[in-house]
Amino acid sequence: MPPASLQTVAFVLIGFFFFMYAVLDGFDLGIGILLPFYKKENKAERLLSIITPFWDGNEVWLVMGVGLFFASFPLAYSILVSSLYLPFMVVIAAFIVRAASIEFSYHDKKNIRMWFALISIVSAAITFLGLFTLGLILQGLPITREGDIFISIRDFCRPFPLIFGAFGISYVVWHSTTYMLTKFDEPWVRKAEKRFWTIMLAISAITMIFWALTLTNSSRHIGTTLGAALFIVSIVGARLFSANPKLPHLCSVLSISGFFIAFAATLFPNILVSSLRAEWTITLFKASAPESSLRLIVILIACMVPIILGYTYFIYRTFRTVDSSKEMHS
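Nothing here was measured: the structure is a model prediction, and the numbers come from that model.

Draft legend 1. Representation of the pattern of salt bridges. As enumerated under the stated definition, the model contains 8 salt bridges in all. The partner of Arg98 in a salt bridge is Glu59, with the nearest N and O atoms 2.8 Å apart. Remark: Glu59 occurs in helix 3 (residues 55-72) and Arg98 occurs in helix 5 (residues 85-107); sequence separation between them is 39 residues. Note on Arg98: relative accessible area 1%, which makes it buried.

Draft legend 2. Spotlight on the nonpolar core. Grouped together as the largest cluster of nonpolar side chains are 98 residues, with contacts concentrated most on Phe73, Trp211, Ile271 and Leu272. Tallying contributions element by element places helix 1 (residues 3-34) first for this core, with 16 residues. Discounting chain neighbours no more than four positions away, the residues touching Ile271 are Phe69, Phe73, Ala76, Ile137, Ile282, Thr283, Leu284 and Ala287.

Draft legend 3. Summary view of the packing of helix 5 against helix 6 (residues 112-139). The contact between helix 5 and helix 6 brings their axes to 8 Å, and the two run at 150°. Relative to helix 6, the element helix 5 is oriented roughly antiparallel. With respect to the hand of their crossing, helix 5 and helix 6 are arranged in left-handed fashion. Judged by residue contacts, Pro87, Phe88, Val90, Val91, Ala94, Phe95, Val97, Arg98, Ser101, Ile102, Phe104 and Ser105 of helix 5 engage Ile112, Trp115, Phe116, Leu118, Ile119, Val122, Ser123, Ile126, Leu129 and Thr133 from helix 6. Residues that form the contact of helix 5 with helix 6 fall into these classes: 17 nonpolar, 4 polar and 1 charged.

Draft legend 4. Focus on the side chain of Thr133. Within the secondary structure, Thr133 is located in helix 6. Beyond its immediate sequence surroundings of up to four residues, Thr133 is in contact with Leu84 and Phe88.

Draft legend 5. Representation of a nonpolar patch on the surface. Where nonpolar side chains cluster on the molecular surface, the patch consists of Tyr85, Met89, Ile92 and Ile96 and spans about 420 Å² of accessible area. For Ile92, a relative accessible area of 45% gives the class partly exposed.

Draft legend 6. View of the confidence of the model for the protein chain. On average, the protein chain scores 89 in pLDDT, and the residues at 70 or more come to 94%. Segment residues 323-330: pLDDT under 50, and 18 contacts once partners within four positions in sequence are set aside and those in other chains are kept.

Draft legend 7. Geometry of helix 5. Taking 1.5 Å per residue, 23 residues should reach 33 Å; helix 5 reaches 34 Å between its end C-alpha atoms and fits that length. Residues of helix 5 that are buried include every one of Pro87, Val91, Ala94, Phe95, Arg98, Ser101, Ile102, Ser105 and Tyr106, and no others.

Draft legend 8. Geometry of the packing of aromatic side chains. Overall, the coordinates contain 27 aromatic pairs when judged by the stated rule. Each residue in the set Phe19, Phe160, Phe164, Phe167, Tyr171, Trp174, Trp211, Phe231, Phe259, Phe260 and Phe263 is aromatic and connected to the rest through ring pairs, giving one cluster. When the ring centre of Phe184 is taken as origin, the NZ or CZ atom of Arg46, which lies over that ring, is 4.6 Å away. Between Arg239 and the ring centre of Trp197, over which it is positioned, the NZ or CZ distance is 5.0 Å.

Criteria and cut-off values
- Counting starts from 1 at the beginning of each chain's written sequence and moves along it residue by residue.
- pLDDT decides what is reported in this predicted model: residues at 70 or higher carry local features, side-chain atom pairs at 80 or more are listed and counted, and totals for whole chains, interfaces and linings draw on all residues regardless.
- To get the side-chain values, all heavy atoms of the structure are used, and hydrogens and water are removed first.
- By definition here, a salt bridge exists when the distance from a side-chain nitrogen of Lys or Arg to a carboxyl oxygen of Asp or Glu is within 4 Å.
- Numbering of helices and strands runs from the N terminus, with a helix taken as a DSSP run of H or I at least four residues long and a strand as a DSSP run of E at least two residues long.
- Whether a residue is buried, partly exposed or exposed follows from its accessible area with a 1.4 Å probe, protein chains only, as a fraction of its type maximum: under 20%, in between, or over 50%, in that order.
- As used here, the term nonpolar core means buried Ala, Val, Leu, Ile, Met, Phe, Trp, Tyr and Cys residues forming a set that is joined through side-chain atoms within 4.5 Å.
- For this analysis, residues touch if any pair of their heavy atoms sits within 4.5 Å.
- As a rule, the C-alpha atoms of each element are fitted with a line to give its axis, helices using only the stretch in contact, and angles between N-to-C directions run from 0 to 180 degrees.
- Note on terminology: angles under 35 degrees are roughly parallel, angles over 145 are roughly antiparallel, angles of 65 to 115 are roughly perpendicular, and the others are oblique.
- Crossing handedness is read from the near helix: turned anticlockwise from the far helix by less than a right angle, it gives a left-handed crossing, and turned clockwise, a right-handed one.
- Amino acids outside the nonpolar list (Ala, Val, Leu, Ile, Met, Phe, Trp, Tyr, Cys, Pro) and the charged list (Asp, Glu, Lys, Arg) are all regarded as polar, and Gly is one of them.
- Residues enter patches when they are more than 30% accessible in relative terms and free of salt bridges; like-charged ones are connected within 9 Å and nonpolar ones (Val, Leu, Ile, Met, Phe, Trp, Tyr) within 5 Å.
- Areas reported as accessible are Shrake-Rupley estimates using a 1.4 Å probe. Residue values count occlusion only from the protein chains shown.
- Across the chain, each position has a pLDDT score giving the predictor's confidence in that residue, from 0 to 100.
- To estimate the expected span of a helix, count its residues, drop one, and scale the result by 1.5 Å.
- Only Phe, Tyr and Trp rings are paired, with Trp represented by its six-membered ring, and only when their centres lie within 6.5 Å; those with planes under 30 degrees apart are stacked, over 60 edge-to-face, the remainder tilted.
- Whether a charge lies above a ring is judged from NZ of Lys or CZ of Arg, which has to be within 6 Å of the ring centre and within 35 degrees of the ring normal.

Here you go:
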């Protein structure tokens, strides 16, 4: 396989891992954000019960995506992590607090509302900072000729990444309500799904406007247009087919795929865009590992994908009949 093809395959695999993470842990994060807002009839406990068997396993996809990014494009990884060190450390700390809070919520019933509040805060932080980082990458970072980044507070206050972060929170919350519908089709769930669909639609529209105005060259990529079209059609379809409790979640998954297609098409063949000068942008080919190493990495990861898919299928099939109507905190 030619080197250029190897780098493209690695890029696609990284996108696939992050897509799977967004689909699977997206509803975990969304439900986590919602927990403190349901205080009656053990609704919060019921919500937590439907993600308990899966939330930690879903993070495997994130670990694989980050690991493949590091192994395949070490230059880009080192530049990105070193320049965004503080946000990345906050995300890691949030994951730790999230895991601890979920566990303590089962054993410390006296302070269960506090643990639910912590789960909500760190879930929102993980979501916001993740999408905020993607927004920064799309808009561009102040990368110099030598590959250094001198990032300032001003770069963190740009409207586009902030709107991207807000979009992420609104989306995972709506995504979680579509998953809730697949588990228990009840009036309060349908009301939440409709409400958060409206909020998500409004913020998505603002995000797409800023995307078009900020990234003026993105419209030239046919993949960006196709991804945006898939995203729009899917979220509209979720409303049109909302009578079926299964279809909104399927439409949500399709809209996430549209988002990732648009993101990848806008970025490719770059991996880190320089906001200073176009020729200082770091491409896949400039940032990649040596050909021999990259070939081995791609082969090994490609072999692992069916294993992880099989594991994910097994877990979701095994726990597909979890009775969410029962309080699991007793």
